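What the coordinates show
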Amino acid sequence: MIQLKHLTKLYKNKRGIRNISLEIPDGEILGLLGPNGSGKTTIMKALLSLIPADSGEIIINGSPLHKDFENIMSRTGALIESPAIYKNMTAYQNMKLMARSREDLADIDRMLDIVHLREYKNDKAGRFSLGMKQRLGLAAALIGKPETVILDEPVNGLDIEGVVEIREYIKEMNRALGTTFIVSSHIASEIERLCTSVAVICDGEIISLDSTEHIKGTHPSMEDYFLEKIRERRGGI
Amino acid sequence: MKSFTFAMQKELLKLVCRKKYAILTVIGILVSVIRCGGAALITRLSQGAVSVKTNLPLEMLPFAVEILVPIIILIAASELFCNEYSNDTMKACLIQPLDRFKVLSAKAAAIVILGAASLLVMYIANTVIHLVSGGTFANAGYAFAAYVIDIIPLIGIAFLGILVNVCLNGPTAATLLSLAVYAAMKYIGLYVSGTQSFLFTAGAKLHIMLLGKTLPFNILLSKIGILAGSILILYSLSYIIFDRKNI
């Protein structure tokens with residue numbers, strides 16, 4: 001289980017996240033849905049210790065993140081904002097650099113196969129299109145079958161087939177291995193198709209948390225649910 | 001330890017994939033060839049009247065440890081720090097199962113290994129050129145020991161480069177500033193007397209203190225202390241800033 005307790009991180013412009021409290025059970029696919037600048041990426045960066053939180057705590061499987069960082073990160077994959085691609089290195093070399101352990105190296109070819117980059121494995125990643133770089137970033141996040149995967153706008157730049165394939169792979173990994181996913185997006189329909197629960201974030205705060213099943217049963221679409229929550233938050237303007 | 005070694009190997013992979021370090025080393029070897037060729041030319045032009053006897057490995061050691069390898073090290077520091085920040089790949093390093101201290105240490109170790117490898121390649125090349133031009137193996141062991149000992153001050157130069165890089169964001173500015181700071185520390189003694197005695201850059205030719213000459217023990221201890229203390233201070237400052245830097 002991943003627990004965020006009163007997590008706050010404010011940047012110099014006073015934007016960020018405020019008092020975020022969340023519990024993500026094992027095997028959940030949690031969607032973070034919110035407008036641009038709402039704090040989705042900030043939450044994910046704090047979960048990965050890329051930014052230090054001003055206050056609050058992150059506890060993963062009973063251990064505070066800062067005390068058990070190496071152990072937790074050995075079982076966590078992530079794709080944050082744009083994929084971290086070394087342009088002068090090949091796709092295969094990039095995957096080697098992203099591997100968390102030597103054991104993950106054996107999984108490189110399989111992951112490149114899944115994202116349809118196997119035939120480009122010896123090509124320099126700098127020459128890849130945006131979609132290909134995104135696929136490479138996803139492959140790096142999923143290599144070695146981590147227990148927890150954090151994906152920030154994972155379908156950004158992908159074509160329709162790519163979106164469907166990645167979605168199906170995430171669901172399969174969740175079904176077969178019980179992998180916990182935290183996925184952020186500003187595309188409501190994608191969150192609706194992929195996630196088992198959804199947290200709506202606005203102005204750095206969680207304004208709603210519900211299961212996808214319940215949302216589908218009470219609202220025509222995830223988009224309607226999202227807009228309703230945002231309007232409630234902003235006073236119906 | 002396994003994770004640290006794996007991380008260090010990955011950092012080294014990032015460096016060896018770049019041709020520029022090999023090109024710089026080749027340039028260093030060419031300088032040695034020109035040096036040796038120059039000596040042979042003088043002998044030939046004077047028809048043997050002037051004979052320049054050289055011990056090329058030892059004569060090229062100052063060039064290697066004070067100019068060539070520091071340049072390689074400072075460029076490598078920019079590659080693994082500022083370049084990664086500006087290309088947005090540093091986050092990939094920080095989400096590895098290593099705390100920031102080990103990430104910094106793995107990068108530093110890779111930079112020092114690259115510098116040491118370049119220095120040893122220079123030793124091998126200089127020895128070969130020396131032998132081909134009629135030299136002997138007479139001082140090969142002493143020269144090898146000198147090259148190995150002079151790797152130690154390069155650790156300080158690596159951390160100097162790292163400290164500059166964690167303070168800045170632009171790789172070009174970081175490379176230029178670290179080269180400027182290194183040059184200033186190296187040559188400040190020409191303008192302000194006495195300063196060289198407390199800068200670690202004065203100990204670049206550490207082999208002179210440890211091999212052959214017998215220095216008084218207290219002076220040897222102070223020189224080694226300055227070097228070790230400088231490395232510790234630079235390492236600590238680099239880590240403090242690196243640890244607090246937001247991605």
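This text goes with the structure placed above it.
Below: a short report on this structure. Along every chain, residues carry numbers that run from 1 in the direction the sequence is written. Going through the entries in the order they are written, you letter the chains from A and number the ligands from 1. Thresholds applied to this predicted model are a pLDDT of at least 70 for local features of residues and 80 or more for the giving and counting of side-chain atom pairs; totals over whole chains, interfaces and linings are not thresholded and use all residues. To obtain the side-chain values, all non-hydrogen atoms of the structure were included, while hydrogens and water were left out.

A word on the overall build of chain B
Put simply, DSSP marks the helices as runs of H or I at least four residues long and the strands as runs of E at least two long, and each gets a number from the N terminus on. When helices and strands are counted, chain B shows eleven helices and zero strands. Our radius of gyration looks at C-alpha atoms and nothing else; its globule reference is 2.2 Å times the residue count to the power 0.38. Computed over the C-alpha atoms, the radius of gyration of chain B is 20 Å, within 12% of the 18 Å expected from 2.2 N^0.38 for a compact globule of 247 residues. Structurally, chain B occupies a C-alpha span of about 65 × 40 × 35 Å along its principal axes. Counting all 247 residues of chain B, 47% fall into the buried class. Note on contacts: a residue pair qualifies if any of its non-hydrogen atoms lie within 4.5 Å across the two residues. Taking the contacts inside chain B whose residues are at least 6 apart along the sequence as the reference set, 80% of them involve residues at least 24 apart. Split by element, the accessible area of chain B, about 11,400 Å² in all, is 72% carbon and sulfur. With a 1.4 Å probe rolled over the protein chains alone, any residue whose accessible area is under 20% of its type maximum counts as buried; one over 50% counts as exposed, and the rest are partly exposed. What sets the accessible areas is the Shrake-Rupley method with a 1.4 Å probe; for residues, cover comes only from the shown protein chains.

Observations regarding the interface of chain B and chain A
Counting from both sides, the interface comprises 26 residues of chain B and, opposite them, 30 residues of chain A. Once two parts are put together, the accessible area they lose, assessed with a 1.4 Å probe and summed over both, is termed the buried area. Carbon and sulfur atoms make up 55% of the area that chain B and chain A hide from each other, which totals about 2,400 Å². One side-chain nitrogen of Lys or Arg within 4 Å of one carboxyl oxygen of Asp or Glu is enough to make a salt bridge. Our count for the chain B to chain A interface comes out at one salt bridge. For Glu70(A), the salt bridge is made with Lys102(B), and the minimal N-O distance between the two is 3.0 Å. Those elements that place two or more of their residues in the side of chain B that touches chain A are α1 (2-16), α5 (90-94) and α6 (100-132) of chain B. Ranked by residues supplied to the side of chain B that touches chain A, first place goes to α1(B) with seven residues. When grouped by side-chain class, the residues that make up the side of chain B that touches chain A number ten nonpolar, five polar and eleven charged. In this classification, Asp, Glu, Lys and Arg are treated as charged, Ala, Val, Leu, Ile, Met, Phe, Trp, Tyr, Cys and Pro as nonpolar, and every other residue, Gly included, as polar.

So, the nonpolar core
For the purposes of this section, nonpolar cores are sets of buried Ala, Val, Leu, Ile, Met, Phe, Trp, Tyr and Cys residues that join through side-chain atoms within 4.5 Å. In terms of nonpolar packing, the biggest core is built from 99 residues, with Ile182(A), Phe81(B), Ile111(B), Leu119(B), Ile162(B) and Phe242(B) touching the most fellow members. Looking at which element gives the most residues to this core, the answer is helix α3 (residues 56-80) of chain B, with 14 residues. With 47 residues, the next largest nonpolar core counts Ala139(A), Val155(A), Ile215(A) and Ile230(A) among its residues.

Looking at the pairing of strand β4 (residues 55-60) of chain A
Looking along a regular strand, one sees side chains alternate from face to face of the sheet. Residue and element names in this part refer to chain A. In this sheet, β4 lies alongside strand β1 (residues 2-10) in antiparallel orientation, the contact comprising five bridges. The residue of β4 that forms the bridge with Ile2 is Ile60. By definition, two strands form a pair when at least two bridges between them are found by DSSP. Of the strand pairs in this sheet, β4 and strand β5 (residues 63-64) are connected by two bridges, and their pairing is antiparallel. Paired with Ile60 across the two strands is Ser63, which belongs to β5. Taking the residues between adjacent antiparallel strands as the criterion, β4 and β5 are bridged by two residues, where Asn61 takes a positive phi near 50°.

Remarks on helix α2 (residues 19-45) of chain B
Residues and elements named next belong to chain B. Taking 1.5 Å of rise per residue, the 27 residues of α2 would be expected to cover 39 Å, and the 38 Å separating its terminal C-alpha atoms lies within 8% of that figure. Listed in full, the buried residues belonging to α2 are Tyr21, Leu24, Thr25, Gly28, Ser32, Cys36 and Ala39. Positive phi shows up at Gln47, right after α2, with a value of about 50°. A helix is expected to reach a length of 1.5 Å times the quantity of its residues less one.

Observations regarding the environment of Leu48(A)
Relative to the helices and strands, Leu48(A) is located in the loop between α1 (40-47) and β4. Residue Leu48(A) is classed as buried on the basis of its relative accessible area of 0%. For the pair Leu48(A) and Asp159(A), spaced 111 residues apart in the sequence, the C-alpha separation amounts to 28 Å. The residues contacting Leu48(A), other than those within four sequence positions of it, are Phe69(A), Met73(A), Thr76(A), Ala78(A), Ile80(A), Ile150(A) and Ile95(B).

What about the packing of helix α8 (residues 152-167) of chain B against helix α11 (residues 217-244) of chain B?
All names here are of chain B. All axes are obtained by fitting lines to C-alpha atoms, using only the stretch in contact for helices, and the reported angles, taken between N-to-C directions, cover 0 to 180 degrees. Packing of α8 against α11 brings their axes to within 9 Å, and their N-to-C directions diverge by 25°. Taken together, the axes of α8 and α11 lie roughly parallel to each other. Seen along the crossing, α8 lies across α11 with a hand that is left-handed. Every residue of α11 that contacts α8 at Ile152, Pro153, Ile155, Gly156, Phe159, Leu160, Ile162, Leu163, Val166 and Cys167 is listed here: Leu227, Ile231, Leu234, Tyr235, Leu237, Ser238, Ile241 and Phe242. The scheme is simple: roughly parallel for angles under 35 degrees, roughly antiparallel for over 145, roughly perpendicular for 65 to 115, oblique for anything else. We call a crossing left-handed when the near helix sits turned anticlockwise from the far one by less than a right angle, and right-handed when that turn is clockwise.

A closer look at the sheet that holds strand β10 (residues 205-211) of chain A
Residues and elements named next belong to chain A. Across the sheet, which stays open at both edges, the six strands sit in the order β6-β7-β8-β3-β9-β10 with mixed pairing between neighbours. Of all the strands in the sheet, the pair left with one neighbour each is β6 (76-79) and β10. In this sheet, neighbouring strand axes are inclined to one another by 15° on average, regardless of whether the strands run parallel or antiparallel. Where strand β9 (residues 197-202) and β10 come together, six bridges link them in antiparallel fashion. Opposite Cys202, over in β10, you have Glu205 as the bridge partner. Strand contacts of α1: β3 (29-33), β7 (148-152), β8 (180-185) and β9, with the helix running at about 150° to β8, the strand carrying the most contacts.

What about the sheet that holds β5(A)?
An order of β2-β1-β4-β5 (chain A) is seen for the four strands of this open sheet, with the pairing classed as antiparallel. Every other strand in the sheet has two partners, leaving β2 (16-24) and β5 of chain A as the edge strands with one partner each.

Description of the side chain of Thr127(B)
All names here are of chain B. Position of Thr127 relative to the elements: it lies in helix α6. Residue class for Thr127 comes out buried when judged on its relative accessible area of 10%. Among the polar contacts made by the side chain of Thr127, one reaches the main-chain carbonyl oxygen of Tyr123 at a distance of 2.7 Å. For the purposes of these results, a polar contact is taken to be a pair of N or O atoms within 3.5 Å, where, inside protein, one atom must be able to donate a hydrogen and its partner to accept one; residues adjacent in sequence count only when each atom of the pair is a side-chain atom.

Considering the packing of α1(B) against α6(B)
Residue and element names in this part refer to chain B. Close contact between α1 and α6 brings their axes to 8 Å; oriented N to C, the two are set at 50°. Judged by the inter-axis angle, α1 sits oblique to α6. Considering the relative orientation of α1 and α6, their crossing is right-handed. Of α6, the residues touching α1 (which contributes Phe4, Ala7, Met8, Glu11, Leu12, Lys14 and Leu15) are Lys102, Ser105, Ala106, Lys107, Ala109, Ala110, Ile111, Ile113 and Leu114. Classifying every residue of the contact of α1 with α6 by side-chain character gives eleven nonpolar, one polar and four charged.

Interpretation note: all reported values are geometric properties and have no functional meaning in isolation.
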